[in-house]
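Residue-level structure breakdown
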Amino acid sequence: MNETTSVQRKKPTNLTMGRGDYNQHSVESKVHRTCCQKILEYFRMIRFSLRALTYNSFTSKSIVLDTAMEPIFWIVDRLSRKIGPIMVVLVVVLTTYVVSFFYIILLPYLWNRGQFGVITFHWFFGHWLLVNIVFHYYKGVTTPPGEPPQILSDTNVATICKRCVGPKPPRTHHCSVCNHCILKMDHHCPWLNNCVGHFNHRYFMLFCIYMWLGTLYVCISVWDIFAEEFFDAKKTFYSFFSGGLLLKTIEVYKATQTNGTTLSPETVEKLKNMGGLSFSDGMYHKVVCLEFFLCIGVMIALGALTAWHARLICRGETSVEKHINDDERKRLKKVNVIYKNPYDFGARENWRIFLGLGEGRSFIRHIIFPSSHVPLGSGLSWPHSLVHAKEP
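The sections below set out a description of the structure shown in this document. (Residues numbered from 1 in each chain as written. Predicted model: local features only at pLDDT ≥ 70, side-chain atom pairs only at ≥ 80, totals over all residues. Heavy atoms only, no water.)

**Remarks on the overall build of the chain**
Selection criterion: Only runs of H or I of at least four residues qualify as helices and only runs of E of at least two qualify as strands under DSSP, and these elements are numbered from the N terminus. Burial status follows relative accessibility: with a 1.4 Å probe on protein chains alone, a residue under 20% of its type maximum counts as buried, one over 50% as exposed, and anything between as partly exposed. To be clear on the numbers: accessible area is Shrake-Rupley with a 1.4 Å probe, and residue cover counts the displayed protein chains and nothing else.
The number of helices and strands found in the chain is 14 helices and four strands. Across the 392 residues in the chain, those meeting the buried criterion constitute 32%. Total accessible area on the chain is roughly 25,500 Å²; 66% of this is exposed by carbon and sulfur atoms.

Given below as structure tokens:
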């Protein structure tokens, strides 16, 4: 009985110790949870403070991406300043090459075939295109795109550029390559080594149009010569592979199969003057093929670029404004508001304003033929289609 009683008395003691351990563990868990909650609360407060200090309703994924890409943009801007003059020289050299081809190869080719009417057409139409291309490219390179004045009262706006800390009129944007603000900036063009803005936008666009017409005109004009040269398989093979290691290896193999391991003097002389084409014929073939492939490549690339800018002009916006307007449309769509570009007056009126057709100017005199007329307006203020819209 005593042993049983002692055993029964020990059980409550063990139970009491177990409850004590449990209570102690529970207190430690509560303290741990309290510490975690406080840390989490501090973290939320810090995050809320940062968001409150940096909150902007215009912040979007594109802005975050642009900010993350700033180092790459910095490198591209520095490279653009260096390669700009090289790109201008490249345009001049390639254009000179294409024009020289017409005088040296195409016109004599047509003269020998007695196509005097075609020569007359090329003489007038080709030179009209050439004058327009050279004129608009020169004006696009040398004409300043336009900068806002540094006196705020002259611009009638209160917006300040955060980079150059100067007045910023409507449609004005900062060019990181030129390092100053540009009136109605479209983009910085490395082929012009210049910004495309209010005062040279028309020159840039007409240069693209006339250059595209020129490449199309060249491709059509030289097609007969190109077809004679390129689609002659034997001539094309010897022109591009003459003197090459592969062709020499084939000839050596054929000679050794015929004469054994030694080469006859005739074979050696053949290998020295191998190719089936003289040097002048081979160069003629290469020049013709290069002319056609160069022009058709430029025609495709420049055609896509010209179509893109033509679409922007029809919508009354620049390349920079296109991205801004797209973001505005997405933002306002969330609150069931339809965004209207304030500078869109319709495709026809947009083109008239862009080409500067007003004040007695005509399409034939000032667009078909070279003209140095300035665009409409000063670029500091712009009419709004919302203000001038007719009420239904």
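**A short note on helix α12 (residues 347-355)**
Cut-off, in case you're wondering: Note that the arc is defined by the directions from the helix axis to the C-beta atoms.
All of the buried residues along α12 are N350, F354 and L355. Summarising the axial view, the buried residues of α12 lie within an arc of 120 degrees, below the 170-degree limit, and thus occupy one face. A positive phi of about 70 degrees marks G356, the residue just after α12.

**Re the layout of surface pockets**
Quick note on the threshold: The definitions used throughout rest on a 1 Å grid laid over the protein atoms alone, on which a cavity is an enclosed set of points accommodating a 1.4 Å probe that cannot get out and a pocket is an open set flanked by protein within 12 Å on both sides along at least five of seven lines; lining residues are those having an atom within 4 Å of a point. Grid points are joined across faces, edges and corners, and a volume is the space filled by probe spheres set on the points. Residue polarity follows a fixed list, in which Ala, Val, Leu, Ile, Met, Phe, Trp, Tyr, Cys and Pro are nonpolar, Asp, Glu, Lys and Arg are charged, and the others, Gly among them, are polar.
Counted as a void, the second largest pocket has a volume near 750 Å³. If you go around the second largest pocket, you meet 33 residues; those closest to its centre are T95, I133, M211, T215 and V298. For the lining of the second largest pocket, the elements supplying multiple residues, two or more each, are α3 (70-112), α4 (116-142), α5 (201-221) and α10 (279-314). Here the element with the most residues in the lining of the second largest pocket is α3; it accounts for nine residues. When the residues that make up the lining of the second largest pocket are grouped by side-chain class, the tally is 27 nonpolar, six polar and no charged.

**Focus: a nonpolar patch on the surface**
For the record, the criterion: Patch rule: a residue counts if its relative accessible area is over 30% and it has no salt bridge; like charges are joined within 9 Å, and nonpolar side chains (Val, Leu, Ile, Met, Phe, Trp, Tyr) within 5 Å. Note on definitions: salt bridges are taken to be side-chain nitrogens of Lys or Arg within 4 Å of carboxyl oxygens of Asp or Glu.
Together, Y103, I104, W123 and F124 make up a nonpolar patch on the protein surface, roughly 490 Å² of accessible area in all. Only α3 and α4 provide two or more residues apiece to the nonpolar patch. With respect to the helices and strands, the residue W123 is situated in helix α4.

**Section: the pattern of salt bridges**
One pass over the full model with this rule turns up seven salt bridges. Its salt-bridge partner being R329, residue D326 comes within 3.1 Å of it at the nearest N-O pair. Residue D326 and its partner R329 are located together in helix α11 (residues 319-333), separated by three residues, close to a single helical turn. Across the pair R352 and E349 runs a salt bridge whose closest N-O atoms are separated by 2.7 Å. Taken together, the positions of R352 and E349, both in helix α12 and three residues apart, correspond to about one turn of that helix. Beyond isolated ion pairs, a larger network of salt bridges with shared partners links K322, D326 and R329.

**Some thoughts on the packing of aromatic side chains**
Our working rule: Here a Phe, Tyr or Trp ring, Trp counted by its six-membered ring, pairs with any other such ring whose centre lies within 6.5 Å, and the pair is stacked when the planes are under 30 degrees apart, edge-to-face when over 60, and tilted otherwise.
All chains considered together, the criterion is met by 19 aromatic pairs. Judged by centre distance (4.0 Å) and plane angle (15 degrees), the ring pair of F226 and F292 falls under stacked. Taken together, the residues span a long stretch of sequence, with F226 in helix α6 (residues 223-230) and F292 in helix α10 at a distance of 66 residues. With respect to burial, F226 and F292 carry one shared label: buried.

**Section: the packing of α3 against α4**
To keep it simple, the criterion reads: For every element, the axis is a line fit to its C-alpha atoms; helices are fit only across the contacting stretch, and the angle between N-to-C directions ranges from 0 to 180 degrees. Angle categories are assigned with fixed cut-offs, so that under 35 degrees is roughly parallel, over 145 is roughly antiparallel, 65 to 115 is roughly perpendicular, and the rest are oblique. In this description, contact between two residues means that some pair of their heavy atoms is separated by no more than 4.5 Å.
Where α3 meets α4, the closest approach of the two axes is 11 Å, and the angle between their N-to-C directions is 170 degrees. Taken as axis vectors, α3 and α4 run roughly antiparallel relative to one another. Note on element contacts: α4 touches α3 through F116, V118, I119, H122, W123, H127, L130 and Y137, opposite M87, V88, V91, V99, F102, Y103, L106, L107, L110 and W111.

**Examining α6**
The set of residues buried in α6 consists of I225, F226 and E229. Within α6, the buried residues cover an arc of 95 degrees as seen down the axis, which keeps them to one side.

**Here we look at the environment of N325**
Considering the arrangement of structural elements, one finds N325 in helix α11. Between the alpha carbons of N325 and K340 there is a distance of 8.7 Å; along the sequence they are 15 residues apart. If sequence neighbours within four positions are ignored, N325 has contacts with E317, Y339 and N341.

**Regarding unusual backbone geometry**
For R171, which is not glycine, the phi torsion reads 70 degrees and is therefore positive. Residue position: R171 is located in the loop between α4 and β1 (173-175). A residue is classified by how much of its surface remains accessible, and R171, at 12% relative accessible area, is buried. Although it is not a glycine, N179 sits at a positive phi angle of roughly 65 degrees. Considering the arrangement of structural elements, one finds N179 in the loop between β1 and β2 (180-182). Residue classification places N179 among the exposed positions, given a relative accessible area of 52%.

**Section: the side chain of T318**
Within the secondary structure, T318 sits in the loop between α10 and α11. Non-local contacts of T318, meaning those with residues more than four positions away in its chain, are made with R171, K184, M185, D186 and L312.

**Concerning the nonpolar core**
Test applied: Only buried residues count toward a nonpolar core. Its members are Ala, Val, Leu, Ile, Met, Phe, Trp, Tyr and Cys residues joined through side-chain atoms within 4.5 Å.
Counting residues in hydrophobic clusters, the biggest one holds 40 residues, and the most contacted among them are F101, F102 and V218. Contributing elements (two or more residues each) for this core: α3, α4, α5, α6, α10 and α12. Beyond its immediate sequence surroundings of up to four residues, F102 is in contact with L107, P108, H122, Y217, V218, S221 and V222. Ranked by size, the runner-up nonpolar core spans five residues in total, among them C175, I182, M185 and C195.

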